[in-house]
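Structural overview
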Amino acid sequence: MVKGDPDLAAYLRISSRFRGDEFLLLTFAPHQGRALDPENLALLRRLDDELSGLAGVTDVFSLLDAPLLESPPIPLAQLAKGFRTLEAPDTDLDLAKQELTSSPLFSELLITADGGTSAMRIDLALDAELLLIDEARAALRARERALKSEARALSPEDQARLAELDRNHDQLREQYLERREALIASVREVRNRYREYGTLYLGGVPMIAADMIAFVQNDLLVFGSSVVVIIMVMLYWFFRQLRWVLLPVACSALTVLFAVGVLGAVGRPATVVSSNFISLLAIITISLIIHLIVRYRELLHREGDVSVGEIVRGTMLSKFAPCIYNTLTTMAAFGSLMASRIVPVEDFGWMMCLGIAIGFLVTFTLFPAVLLLLPPGKASTRLNEELPLTRMMSQLSRWSYIGVVVTAVVWAAIAAVGVGRVSMDNQFIDYFRADTDINQGMHYVDANLGGTVPFDVVVRFAPYEEYEDSEDDFLAEEADVYPQRYWFTRDKLDRLASLHRYLESRDEVGKVVSLYSLDTLASRFNDGEPLSSLEVAGVLGELPDDLRGELIQPYAYPETGELRLNARVIESGPPFDRAALARDVRDFAENELGFASQDVEITGMMVLFDSMLKQLFRSQLDTLAYVLLATFLMFLILLRSFLYAVLGLIPNVLAAASVIAIMGYLGIPLDMMTITIAAISIGIAVDNTIHYIYRFKYEFKVSQNYLKTMYYCHGSI
């Protein structure tokens, strides 16, 4: 998320007030029979008990805890005396199935509509201190962002407090993540023991977060090791000498080691965005070394009778300028990512700039030092053999230069159209392979349990004001039993009901839960008529504390006058505009129900995801503009020629535009990962440009012949 994003501050505030997303959802579809068969209820009880016994699990809520009010029917006034559950000996399971699968509260929440699968919510222990720090830090950052827009800054006291919160947060967060990872692993162990009895899917925001950390760790290992193996094979194929395999790999490995060490020392974590920084850093470092190897072999071939020291000196001197130019320009390209305010994207740009600088220093110290310790080696017999590909390109440049220019212009037009087709239509589920728990669980819950990605709509009324001491004995006595119940008036519930029904009418929305769900359930005991304000207060007074905590408190906070509607969207369905959904909900609440703008708040994971995507789009424009300007200025400074700067920029722009255009034509959307593709394309392509132009300027001074220089550069660079 963006530092200071008000959507994040709102999400943390609402999560701390109502029940947040720190729970796991476990579905259980038995291989034999249905969810409410006695033998499967026994399995569910065993599963419930095992999960409840795990350290870090505060509660498990399943079908076994659901109150049965119609199996057979009991008067609402008797709720305080107790209620049946599925485990009660006199429960009619056929009536229970009918009640639960048609319940506005529990259907598609704890049981599928066909009664085949049950679900349980596993509440995880929260770190209260970390939650308070998160909320305070988000509020300060939101204020800091607002002040920046007015060219003002936080007070020194607030800045000091924010720095202190950041320090405390990092330490507590690391400890919390370790506990959560261990707990989720334990939940999976329990789940796996029941696979012989049914199909079980595990989901929930904490599991997704933990799995993504594991994916990043795995990607760092897979990408890094794969790149090393591929590079070693390619280097041996190119040079056919072991020294030109081991030396580049050693320089690259040392660069990565130093970079990771610095990042660890300053506390910069690898993220989903930066998980490929090791492979990119290895590639860029190797590219520097390859230029040095080629030049060393070239000088050894030409001047084989001089000492190793002279060859190494000539190599490093002749390549220092283009390599430093290449390093600075590549750093400028990756530095453009710092224009994004998305934290992982900023960190990725910072990490790459740091790593590239370290790579240059390692290459220009270790590479010549090792060569001075080795014999000169054998001169290559293949240096005079020009590659067929570059020979063909030089011939095209000589005899078909008009065709090359026309082709470039046409392709630029095609690329421009493709860039215009790039979309931001992302679905979170598409980030994960089909064989992952995340993908499988989200598909199953979408199809059977009313959607996966949650969002909340919070509407505000006048807050509850506690009754003053009264001489009325009735009021004084009643105030002792959940006095806030008198805040729940019929007019509030009617407006809530309209908003609830509107959410349910949207195709992209699945299950919606609010007090309207309970109100609808209660109306079944009142001949289908809504309860009056007095009847609502009476029912709320009869609810046991544990049931009130499960059915009322997650959806109402009378002290602040807030009612919450919790909805889930169908993430695996057709793509939809999240911002348009949130905007339509707000318009309905304001224009149809009369809520003031400040009394409607829409938050949740769906909103955070959409906020991140919108910021990515804005940062993509900033990044492209910055990288092009920075690259052009670097060319202008380093090459000291406006013409060369323009010529150097053209192939880099075409390279980046081509990649983005292909994304547009193939329907690959911009997201947190692909947003970096322009910087990566230019950062790598600029290497070729600088070395070619620098060598061209040098050789042209010697030969004063354009064609001869062009052929020579194609054949050697």
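Residues numbered from 1 in each chain as written. Predicted model: local features only at pLDDT ≥ 70, side-chain atom pairs only at ≥ 80, totals over all residues. Heavy atoms only, no water.

On to the pattern of salt bridges. For the coordinates displayed, the defined rule picks out 30 salt bridges. Between R490 and D494 there is a salt bridge; the shortest N-O distance is 3.0 Å. Placement of the pair is R490 and D494 together in helix α15 (residues 490-505), with a separation of 4 residues, close to one helical turn. A relative accessible area of 15% means that R490 is categorised as buried. By relative accessible area, D494 is classed as partly exposed at 37%. The shortest N-O distance in the salt bridge between R586 and E590 comes to 3.3 Å. Residue R586 and its partner E590 are located together in helix α19 (residues 578-592), separated by 4 residues, close to a single helical turn. Assessed through its relative accessible area of 26%, R586 is described here as partly exposed. Sharing partners across several salt bridges, the network here consists of R13, R17, R460, E562 and E601. (Salt bridge = Lys/Arg side-chain N within 4 Å of Asp/Glu carboxyl O. Helix = DSSP H or I, 4+ residues; strand = E, 2+ residues; numbered from the N terminus. Buried < 20%, exposed > 50% of the residue type's maximum accessible area, 1.4 Å probe, protein only.)

This part takes up the packing of helix α22 (residues 677-703) against helix α23 (residues 706-716). Two elements in contact, α22 and α23, have axes whose closest approach is 9 Å; the angle formed by their N-to-C orientations is 140°. As summarised for this structure, α22 and α23 are arranged oblique, according to the angle between their axes. Pair α22 / α23 crosses with right-handed handedness. In this structure, α22 contributes Y692, R695, F696, E699, F700 and S703 to the contact, and α23 contributes Y706, K708, T709, M710, Y712, C713, H714 and S716. Looking at side-chain class alone, the contact of α22 with α23 contains 7 nonpolar, 4 polar and 3 charged residues. (Axes fitted to C-alpha atoms, helices over the stretch in contact; angles between N-to-C directions. Parallel < 35°, antiparallel > 145°, perpendicular 65-115°, else oblique. Left-handed = near helix turned anticlockwise from the far one by under 90°. Contact = heavy atoms within 4.5 Å. Nonpolar A, V, L, I, M, F, W, Y, C, P; charged D, E, K, R; others polar.)

To continue, consider the nonpolar core. Taken as a class, soluble globular proteins show a tendency for nonpolar side chains to be buried jointly. Ranked by size, the top nonpolar core spans 157 residues in total, and within it L51, F367, F455 and F488 carry the most contacts. Top contributing element to this core by residue count: helix α8 (residues 277-302), with 14 residues. Contact partners of F367, with chain neighbours within four places excluded, come to W244, L247, C251, I289, L292, I293, M316 and V362. (Core = buried A, V, L, I, M, F, W, Y, C linked by side-chain atoms within 4.5 Å.)

Looking now at unusual backbone geometry. Even without a glycine there, the phi angle at R240 is positive, about 55°. With respect to the helices, strands and loops of the structure, R240 is situated in the loop between α6 (205-239) and α7 (243-265). Assessed through its relative accessible area of 47%, R240 is described here as partly exposed. Although it is not a glycine, Q704 sits at a positive phi angle of roughly 55°. In this structure, Q704 sits in the loop between α22 and α23. You can call Q704 exposed: its relative accessible area is 55%.

Another point: a negative patch on the surface. Where like charges cluster on the molecular surface, the negative patch consists of D170, E174, E178 and E181. When you line up the elements, E181 lands in helix α5 (residues 156-193). (Patch = residues over 30% accessible without salt bridge, like charges linked within 9 Å, V, L, I, M, F, W, Y side chains within 5 Å. Areas by Shrake-Rupley, 256 points an atom, 1.4 Å probe, with all protein chains shown as cover. Lys, Arg positive; Asp, Glu negative; His and termini not counted. Charge placed at Lys NZ, Arg CZ, Asp CG, Glu CD.)

Turning next to the packing of aromatic side chains. For the structure shown, the criterion picks out 22 aromatic pairs. Centroid distance F238 to F239: 6.1 Å. Interplanar angle 75°. Geometry classified as edge-to-face. Pairing Y692 with F696 gives two aromatic rings, centres 6.3 Å apart and planes at 20°, and the pair type is stacked. Of this pair, Y692 and F696 are both found in helix α22, 4 residues apart, which corresponds to roughly one turn of the helix. Judged by its relative accessible area of 23%, Y692 is partly exposed. You can call F696 buried: its relative accessible area is 10%. Among the aromatic side chains, those forming a connected cluster through ring pairs are F461, W487, F488 and F595. If you follow K492 out to its NZ or CZ, it ends over the ring of W487, 5.0 Å from the centre. For the cation-ring pair, R495 lies above F595, with the distance from its terminal atom to the ring centre recorded as 4.1 Å. (Phe/Tyr/Trp six-rings, centres within 6.5 Å; stacked < 30°, edge-to-face > 60°. Lys NZ or Arg CZ within 6 Å of the ring centre and 35° of its normal.)

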